[in-house]
Amino acid sequence: MANRDATARIQPRKQDLEDAYAPPANFLEIDVLNPETHGIGNKRFTDYELRMRTNLPIFRVKESCVRRRYSDFEWLRGELERDSKIVVPPLPGKALSRQLPFRGDDGIFEEDFIEDRRQGLEQFINKIAGHPLAQNEKCLHIFLLEPVIDKNYVPGKVRLT
Amino acid sequence: MSLSSFFGFGQGADVEIILDGQDTRKMAEIKTEDGKKEKHYLYLDGETISGKVSIKLKKAGTRLEHHGIKVEFVGQIELYYDRGNHHEFTSLVRELARPGELTSNVSYDFEFNQVEKPYESYTGTNVRLRYFLRLTVVKRLSDLVKEQDIVVHTLSHYPDMNSSIKMEVGIEDSLHIEFEYNKSKYHLQDVIVGKIYFILVRIKIRHMELQIIKRETTGIGPNTFNENETIAKFEIMDGAPVRGESIPIRLFLNGYELTPTMRDINKKFSVRYYLNLVLVDEEDRRYFKQQEITVFRKADKVRKSVRNASAKFGSQDVAAHVQSPSSDHTDASSPRYEHNYIAD
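Participant: What should I look at first to understand the interface of chain A and chain B in this one?
Facilitator: One frequently used descriptor of interface size is the decrease in accessible area upon assembly of the parts. Taken residue by residue, the interface counts 25 residues in chain A and 27 residues in chain B. Between chain A and chain B, a total of about 2300 Å² is buried, with carbon and sulfur atoms accounting for 51% of that surface. The largest share of the area that chain A buries against chain B comes from Ile10, Arg13 and Asn26 of chain A, three residues that together contribute 28% of it. At the surface where chain A touches chain B, the tally comes to three salt bridges. Linking chain A with chain B are eight residue pairs in polar contact (both at pLDDT 80 or more), by the criterion used here.

Participant: For this particular structure, what's the right way to read the pairing of strand E3 (residues 37-44) of chain B?
Facilitator: Put simply, side chains in a regular strand alternate between the two faces of the sheet. Residue and element names in this part refer to chain B. Relative to E3, strand E2 (residues 27-31) runs antiparallel, the two being bridged by five bridges. Residue Lys31 lies in a different strand from E3, and its bridge partner there is Lys37. Linking E2 to E3, which pair antiparallel, is a turn of five residues; within it Gly35 sits at a positive phi near 90°. Bridge count between E3 and strand E12 (residues 144-153): three bridges; the pairing is parallel. Residue pairing across strands places Tyr43 opposite Val152, the latter belonging to E12.

Participant: It is not clear to me how the pattern of salt bridges should be interpreted in this structure. Could you clarify?
Facilitator: Two side chains bearing opposite charge may form a pair once their charged atoms approach each other closely. Within this structure, the stated rule accounts for 39 salt bridges over all chains. For the salt bridge of Asp83 of chain A with Arg82 of chain A, the shortest nitrogen-to-oxygen distance reads 2.9 Å. Here Arg25 of chain B and Glu47 of chain B are joined by a salt bridge, their closest N and O atoms 3.2 Å apart. Taken as a pair, Arg25 of chain B in the loop between strand E1 (13-19) and E2 and Glu47 of chain B in the loop between E3 and strand E4 (49-57) lie far apart in primary sequence, 22 residues in all. Since its relative accessible area comes to 14%, Arg25 of chain B is described here as buried. Ionic contacts of the salt-bridge type, sharing partners, join the residues Glu72, Glu78, Glu88, Arg130, Arg134, Glu147 and Asp149 of chain B into one network.

Participant: Explanation requested: the nonpolar core in the structure shown.
Facilitator: Within soluble globular proteins, side chains that are nonpolar generally end up buried alongside one another. Ranked by size, the top nonpolar core spans 72 residues in total, and within it Ile55, Tyr181, Ile196 and Phe198 of chain B carry the most contacts. Discounting residues that sit within four places of it in the chain, Tyr181 of chain B has contacts with Ser164, Ile165, Tyr186, Ile192, Val193, Gly194, Leu210, Ile249, Leu275, Leu277 and Gln291 of chain B.

Participant: Would you mind going over the confidence of the model for chain A with me for this structure?
Facilitator: Low pLDDT marks regions whose predicted coordinates should not be analysed in detail. On average, residues of chain A score 90 in pLDDT, and 98% of them are at 70 or above. Averaged pLDDT values for the elements of chain A fall to 87 in helix H1 (residues 17-21) of chain A and rise to 96 in strand E3 (residues 63-69) of chain A.

Participant: Whenever I open this one, unusual backbone geometry confuses me. Can you help?
Facilitator: Excluding glycine, residues mostly have negative phi values, and the peptide bonds linking residues are mostly trans. All names here are of chain B. Residues other than glycine seldom take positive phi values, yet Gln114 does so here, at roughly 45°. Residue placement: Gln114 occurs in the loop between strand E9 (106-112) and strand E10 (122-123). Its identity is not glycine, yet Asn266 carries a phi of approximately 50°, on the positive side. With respect to the element layout, Asn266 can be found in the loop between strand E20 (262-265) and strand E21 (269-281).

Participant: I would appreciate a short explanation of the environment of Arg44 of chain A in the present structure.
Facilitator: All names here are of chain A. Its place among the elements puts Arg44 in the loop between strand E1 (28-38) and strand E2 (45-54). Put simply, Arg44 and Phe109 are 65 residues apart on the chain and 8.7 Å apart in space, counted from C-alpha to C-alpha. When residues no more than four places from it in sequence are discounted, the contact partners of Arg44 are Thr37, His38, Gly39, Asp106 and Phe109. There is a polar contact of 2.9 Å between the side chain of Arg44 and the backbone oxygen of Gly41. Here Asp106 takes part through its side chain, which lies 3.4 Å from a polar atom of the side chain of Arg44.

Participant: In this structure, what is going on with helix H2 (residues 70-83) of chain A? I would like to understand it.
Facilitator: Residue pairs spaced three or four apart in an α-helix point in one direction, given the helix's 3.6 residues per turn. Residues and elements named next belong to chain A. Here H2 spans 20 Å end to end across 14 residues, near enough to the 20 Å set by a 1.5 Å rise per residue. Those residues of H2 lying buried are Tyr70, Asp72, Phe73, Trp75, Leu76, Glu79 and Leu80. In this structure, the buried residues of H2 make contact with E2, E3, helix H3 (111-129) and helix H4 (138-145).

Participant: What's the story with the environment of Lys85 of chain A in this structure? I'm lost.
Facilitator: All names here are of chain A. Structurally, Lys85 is set in the loop between H2 and H3. For Lys85, a relative accessible area of 81% corresponds to the exposed category. Separated by 43 residues in sequence, Lys85 and Ile128 place their C-alpha atoms 12 Å apart.

Participant: What exactly am I supposed to notice about H4 of chain A here?
Facilitator: Taken across its eight residues, H4 of chain A has seven buried, putting it largely inside the fold. Taken as a whole, H4 of chain A has its buried residues at Cys139, Leu140, His141, Ile142, Phe143, Leu144 and Leu145 of chain A.

Participant: Teacher, can you tell me more about the sheet that holds strand E14 (residues 175-181) of chain B here?
Facilitator: Two modes of strand pairing occur in sheets, parallel and antiparallel, and in both the strands are linked by backbone hydrogen bonds. All names here are of chain B. Strands sit in the order E13-E14-E16-E19 across an open sheet of four strands; the sheet is antiparallel. The open sheet is flanked by strand E13 (165-171) and strand E19 (246-252), the only strands paired with a single partner. Averaged over neighbouring strand pairs, the angle between their axes works out to 20° when direction is ignored. Note: strand E16 (residues 191-201) against E19, seven bridges, orientation antiparallel. Paired with Val191 across the bridge in E19 is Phe252.

Participant: Is there a simple way to explain the packing of aromatic side chains in this structure?
Facilitator: Each aromatic ring pair is summarised here by two numbers: the centre-to-centre distance and the angle between the ring planes. Applying the stated criterion across every chain, the model contains 11 aromatic pairs over all chains. Note on Tyr158 of chain B and Phe296 of chain B: the rings are 6.0 Å apart at their centroids and 75° apart in plane angle, and the pair reads as edge-to-face. With Tyr158 of chain B in the loop between E12 and E13 and Phe296 of chain B in strand E22 (residues 286-296), this pair connects stretches of sequence that are 138 residues apart. Look at Phe296 of chain B and you get buried, because its relative accessible area is 1%. Every member of this aromatic cluster is reached through a ring pair, and the members are Phe73, Phe89, Phe110, Phe112, Tyr119 and Tyr131 of chain B. The ring of Tyr70 of chain A has Arg117 of chain A sitting right over it, with the charged end atom 3.8 Å from the ring centre. A cation over an aromatic ring shows up here: Arg130 of chain B above the ring of Phe132 of chain B, its NZ or CZ 4.1 Å from the ring centre.

About the thresholds
Residues numbered from 1 in each chain as written. Chains lettered and ligands numbered in written order. Predicted model: local features only at pLDDT ≥ 70, side-chain atom pairs only at ≥ 80, totals over all residues. Heavy atoms only, no water. Contact = heavy atoms within 4.5 Å. Buried area = accessible area lost by both parts, 1.4 Å probe. Salt bridge = Lys/Arg side-chain N within 4 Å of Asp/Glu carboxyl O. Polar contact = N/O pair within 3.5 Å; in protein donor to acceptor, adjacent residues only side chain to side chain. Pairing = 2+ DSSP bridges. Helix = DSSP H or I, 4+ residues; strand = E, 2+ residues; numbered from the N terminus. Buried < 20%, exposed > 50% of the residue type's maximum accessible area, 1.4 Å probe, protein only. Core = buried A, V, L, I, M, F, W, Y, C linked by side-chain atoms within 4.5 Å. pLDDT = per-residue confidence, 0-100. Expected span 1.5 Å × (residues − 1). Axes fitted to C-alpha atoms, helices over the stretch in contact; angles between N-to-C directions. Phe/Tyr/Trp six-rings, centres within 6.5 Å; stacked < 30°, edge-to-face > 60°. Lys NZ or Arg CZ within 6 Å of the ring centre and 35° of its normal.

Shown next as structure tokens:
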């Protein structure tokens, strides 16, 4: 019969206790919170607070907090579709029908609608930000970390330094 | 003389091929084209195939005119997309009877001595390799043909060189792993022992599995066609690992339907096996690494010599040996193995 050595378990390397009990190196959480509607009449728009906490070294800060509106998310999605090789997940709906006149309700400023959209945006950004290839795109870093998005930025890759 | 035999309609006779040594010879299972399993007698390279052919007239007193009776041993490769062309890589014939007439039931002995069977029998998705005996009673209008399959296994000794597979792979800054498999060549009842060591984990892994993938390649050049089949899926880790963790692998091969690795068989097809390590993260993204392994059929430790019970023939192409009481002639030669040391 086959001797025990032939099928013995391969000896593993000992794991550092630091590594075993430290927080995992894959911590990345993005919350989309506190929707606020600004402006009056038909010049109104809603934006959301984007709070990121992470220990991934690819991001130059460990925490960030910015405000973003739906069209900013559309901008990010467009940039990633063009520049990165990933399949970008879909955004929650644009809800054009809600922007038509003569509606009984408040259209896109309805509370329920804003809450649904908030959840969809949160799922979207977490999916993307966790993708190793998306993490190399400048547009994602601008979106998550910069208070104001410079739409005239030079597209490119981010490297770990 | 009935009308049916006059016009050559209907069989007129029952023909049967009976192989020698049925009480001692092992049988082996093989799939048919439509996926059913069949059992046939198992022969190895170099073994003699002998037996007898029995022809029984359906109605006593009738006569069967024929233009010759022969038995052939054929090894052929059939490509399913090219049905018209069976590629015969082995073909031997024994003439059993000259043109004449049968007036009673008759039986002929035949022997294909120490015949080469260079490849293993294989039934796949797009190609089939089979060995069979074909008895033909040549007649004016339509021949009486009977085929009898056998199964051939190719055996290999345990390879001298069987290094382990050890490699570091990953995605820069996101995931680095080192995988190790204890061997590169495994036999059909072997066990894959290995480990996965995590060097860098910056993604959220949900689970990890090991797959065995069979790739059947048919055709040459621009007409190459690869058929991939996942033979096994085995989860080896559930949950998120961290840096420095090792995950053991122990995968028993005898539970899966594997064949030996077949490389460029008669320049017509190949069957190769790959280990596919797959990691899946929280967002269902899949990260994978494929690695080819060689699968072989191990020779048994003890081999009994095959005894030939039928009478021996003097020359290779003369037949006309109607059944005589079989002399108990023991052939002391043991089957000749293929000494296939697995090369890379």
